[in-house]
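Results of the structural survey
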Amino acid sequence: MTRPGGVWRNWARTESVRPQRLEFPPTVAAVQRAVVAAAAQHIPVKAVGAGHSFTGIAVAPGALLELRDLSGLVSVDADRGRVTLLAGTRLHRIPALLAPFGLAMENLGDIDRQSIAGAISTGTHGTGARFGGIAAQVVGATLVTASGDLLAVNEEENPELVPAVALGLGALGILVDVTLQCVPAYVLHAVEQPEPLDDVLAALEDRVASADHFEFYWFPHTDRAMTKTNTRLPDGAPRHPLSPVGKWIDDTLVGSGLHQVACSTGRAIPALVPTINRVSAKVWGDREFTDASARVFATSRSVRFREMEYALPVPNVRPAFEALRALVDERGWRIGFPVEVRFAAADDRWMSTAHGRASGYIAVHRYWREDPTEYFEAVEEIMLGFEGRPHWGKMHTLGAETFRERYPRFDDFVALRDRLDPERLFRNPYLDRVLGG
């Protein structure tokens, strides 16, 4: 289905574009036809999922393919625990698709609104020192190349390309299906609690190594960390989920409603931000429960924000965080959104922020109605000094020359792009910047 191009905006309202053509292809063949048509008209073509990236990675000034109708389960190999999903399938729908087969995704991030193709293409990840990002779970995929042909990448066909295609930035073609290596369904025992920040930092690497999934949030202008520790248990373990009322109070009333009020108040009266943050650090995240993995990993995020996140070698996380903490004090800023710190295992995906190294992630946020430029640029300078690599879907200022220095397989990826898309049919301004024109 084709419609005249209206204005497309991403969730964070950091990017917008009026495409020449907007299409909703319901089948793989329809995606192929759209790519062939765009090539014939010499206009670029891009696919978009949920628009949850903060960068312009999905911006489509030519033909925009909205893949929400290309959704659902294609096939299941229950013996090997593998499932193939259509590219537009939203992450929050996947648990119900896997449940009849007793399977779950090995790890997830804390937002599940993205499409599976968008999540892997931007390097979306969760936390857990022994677990990689979502792209690390990919064992196969099919994409439509610039010629309109299908390219299958898996153990039997083009296996050497799996590490490139699994995190392809949308630069190699249009993903139409993705095959994931899943695990037997499991539950998580979650402990969320406030702790003294200095205590958390002092024991950080031990906390990370001893837990299945550990992360913490720090509200600037406070001395408290909000820690989250999730322990994996067999699917048959007793469950003690949050009550519907308790979940509504924590996630909707406090996490969304009161946080929205806090952000709006802090924007209007910046001097109140430290007090607001101290109150937030007391009322957020003091709970313990056990539930299905997907119910624990994902949280609701209705307050709109902008985000920048950098991946660092694990030993650099604490000194980088300390430098960030000192920066906020020195500049006298009033930062209402918390800083988030997570961890992930090394992987072999060519363009993964965790390529070849166990990584810690430091993410900074600002309310969407506040200008993040000064804060983000100063934090970025710190992160670059600690060997940082920015998340592809979150705000940063870097270009191709910097990435060439930080990714050992950068030139291999660009060479593959040259082979699959020599005319740059899948280009856009963001990809021109980060990969070269």
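That block above? That's the structure.
Scoring rules and cut-offs
Residues numbered from 1 in each chain as written. Predicted model: local features only at pLDDT ≥ 70, side-chain atom pairs only at ≥ 80, totals over all residues. Heavy atoms only, no water. Helix = DSSP H or I, 4+ residues; strand = E, 2+ residues; numbered from the N terminus. Buried < 20%, exposed > 50% of the residue type's maximum accessible area, 1.4 Å probe, protein only. Expected span 1.5 Å × (residues − 1). Contact = heavy atoms within 4.5 Å. Arc of directions from axis to C-beta. Axes fitted to C-alpha atoms, helices over the stretch in contact; angles between N-to-C directions. Left-handed = near helix turned anticlockwise from the far one by under 90°. Nonpolar A, V, L, I, M, F, W, Y, C, P; charged D, E, K, R; others polar. Core = buried A, V, L, I, M, F, W, Y, C linked by side-chain atoms within 4.5 Å. 1 Å grid on protein atoms, 1.4 Å probe; cavity = no way out; pocket = protein on both sides within 12 Å on 5 of 7 lines; lining within 4 Å. Points joined across faces, edges and corners; volume = space filled by probe spheres on them. Pairing = 2+ DSSP bridges.

Here's the deal with the environment of Leu175
- Tracing the chain through its elements places Leu175 in strand β12 (residues 174-181).
- With a relative accessible area of 9%, Leu175 lands in the buried category.
- In this structure the C-alpha to C-alpha distance between Leu175 and Val31, which are 144 residues apart in sequence, comes to 9.4 Å.

Considerations on helix α11 (residues 373-385)
- For α11, spanning 13 residues, the distance from its first C-alpha to its last is 18 Å, which sits close to the expected 18 Å at 1.5 Å a residue.
- On its buried face, α11 is in contact with β18 (305-313), α10 (314-331), β19 (339-344) and β20 (359-367).
- In the stretch just after α11, Glu387 is the one whose phi turns positive, near 65°.

Considering helix α8 (residues 273-283)
- When we look at burial in α8, the residues that qualify are Val273, Pro274, Ile276, Asn277, Ser280 and Ala281. Taken around the axis of α8, the buried residues stretch over an arc of 160°, which confines them to a single face.
- Gly285 sits one or two residues past α8 and shows a positive phi near 60°.

Overview of unusual backbone geometry
- Phi is positive for Arg13, which is not a glycine, with a value near 60°.
- Examined against the element boundaries, Arg13 turns out to sit in the loop between β2 (8-9) and β3 (16-17).
- Its identity as a non-glycine residue notwithstanding, His42 has a phi of 60°, on the positive side.
- Considering the arrangement of structural elements, one finds His42 in the loop between α1 (28-41) and β5 (45-48).

Description of the packing of α10 against α11
- Here α10 crosses α11 at 145°, and the two axes come no closer than 10 Å. Pair α10 / α11 crosses with right-handed handedness. Between α10 and α11, the residues in contact are Ala320, Ala323, Leu324, Leu327, Val328 and Arg331 and Glu374, Tyr375, Ala378, Val379, Ile382 and Met383, respectively.
- For the contact of α10 with α11, a count of residues per class yields 10 nonpolar, no polar and two charged.

A closer look at the nonpolar core
- Ranked by internal contacts, the top residues of the largest apolar core, which has 109 residues, are Phe216, Ile362, Tyr375 and Trp392.
- With nine residues, the next largest nonpolar core counts Phe24, Ala58, Val59 and Leu64 among its residues.

Quick word on empty space enclosed by the protein
- Summed over the entire model, instances satisfying the criterion amount to six cavities of 30 Å³ or more.
- By volume, the largest cavity amounts to about 620 Å³.
- In this structure, the largest cavity is lined by 42 residues; those nearest its centre are Ser53, Ala117, Gly118, Ala119 and Thr122.
- Elements with a contribution of two residues or more to the lining of the largest cavity: β5, α3 (116-122), β12 and β19.

Considering the sheet that holds strand β21 (residues 389-390)
- Across the sheet, eight strands lie side by side as β17-β14-β16-β15-β19-β20-β18-β21; this open sheet has antiparallel pairing. If you trace the sheet from one side to the other, it starts and ends with β17 (287-292) and β21, each paired once.
- Here α11 sits on the sheet and contacts β18, β19 and β20; the angle it forms with β18, its principal contact strand, is near 10°.

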